[in-house]
Amino acid sequence: QVQLVESGGGLVQAGGSLRLSCAASGRTFSGAVMGWFRQARGKEREFVAGISRSGGSTSYADSVKGRFTISRDNAKTTVYLQMNSLKPEDTAVYYCAADPHWGLIRVVAASYEYWGQGTQVTVSS
C-alpha cells in the first residue's frame, strides 16, 4: 500500500509560483508511476503531469506544458510539482496519485490506485 500526503498549496497572484510536494509512505513508491491531477469546482478531475518510476520520463497536459515541472526523489519517497507562471485558471484542488501496476504514465484518473487528500491552489488575478 501507499499513503500519500500533499502539501504546498496556497494563495498566489497570477504570474507567481508554488511548489507542491507529495510525501509517500509504503514500500512500493519507487515502483509506482506518480501523477498529479487537479479538480476545479464544478469540473471533472483532470491530468496535470506524470512521471515514470525512475523519473526519466515525464508527461504533461497541454495546458501546463512549459510552466509546470514534475520531479521525484525516490530516496525521500516524495514527488514534486513546480508550478510557475500561474494563471487564475490553474485554481483547483491538486491531488497526488500513485499507480503501482502498469509502468506507463497514464492520463486517466481511474488508472491510479492511491490518492492523497488534495491541496488547494488558488491563483488570484
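See the structure above.
One structure accompanies this document, and this report is about it. All values derive from a computational prediction rather than experimental measurement.

Calculation rules
Residues numbered from 1 in each chain as written. Predicted model: local features only at pLDDT ≥ 70, side-chain atom pairs only at ≥ 80, totals over all residues. Heavy atoms only, no water. Disulfide = S-S within 2.5 Å. Helix = DSSP H or I, 4+ residues; strand = E, 2+ residues; numbered from the N terminus. Buried < 20%, exposed > 50% of the residue type's maximum accessible area, 1.4 Å probe, protein only. Contact = heavy atoms within 4.5 Å. Salt bridge = Lys/Arg side-chain N within 4 Å of Asp/Glu carboxyl O. Pairing = 2+ DSSP bridges. Axes fitted to C-alpha atoms, helices over the stretch in contact; angles between N-to-C directions.

Looking at the state of the cysteines
Point 1. Using the criterion set out here, one finds one disulfide in the structure.
Point 2. Cys-22 shares a disulfide with Cys-96; S-S distance 2.1 Å. Measuring the twist about the S-S bond at about -80°, one finds the Cys-22-Cys-96 disulfide to be left-handed. In this pair, Cys-22 is assigned in strand 3 (residues 18-25) and Cys-96 in strand 9 (residues 92-99), connecting sequence segments 74 residues apart. Of the two residues, Cys-22 and Cys-96, neither departs from the other in class, the shared state being buried.

As for the environment of Val-12
Point 1. Mapped onto the elements, Val-12 comes out in strand 2 (residues 10-13).
Point 2. With 50 residues separating them along the chain, Val-12 and Asp-62 place their C-alpha atoms 22 Å apart.
Point 3. Apart from the residues lying within four places of it in its own chain, the contact partners of Val-12 are Ser-17, Leu-18, Leu-86, Thr-122, Val-123 and Ser-124.

A short note on the pattern of salt bridges
Point 1. According to the stated counting rule, one finds four salt bridges in the structure shown.
Point 2. Among the salt bridges present, the one from Arg-38 reaches Asp-90, with a minimum N-O distance of 2.9 Å. Of the two residues, Arg-38 sits in strand 4 (residues 33-39) while Asp-90 sits in the loop between strand 8 (78-83) and strand 9, which places them 52 residues apart along the sequence.
Point 3. For Arg-38, a relative accessible area of 6% puts it in the buried group.

Here's the deal with the sheet that holds strand 3
Sheet strands associate in pairs through backbone hydrogen bonding, adopting either a parallel or an antiparallel arrangement.
Point 1. Strand order in this open sheet of four strands is 1-3-8-7, and the pairing throughout is antiparallel. Edge positions in the open sheet fall to strand 1 (3-7) and strand 7 (68-73), since each of these has one partner strand only. Within the sheet, the average angular offset between the axes of one strand and its neighbour, ignoring direction, is 15°.
Point 2. Pairing between strand 1 and strand 3: five bridges, direction antiparallel. Looking across to strand 3, one finds that Leu-4 is bridged to Ala-24.

The values reported here are purely geometric and, on their own, carry no functional implication.
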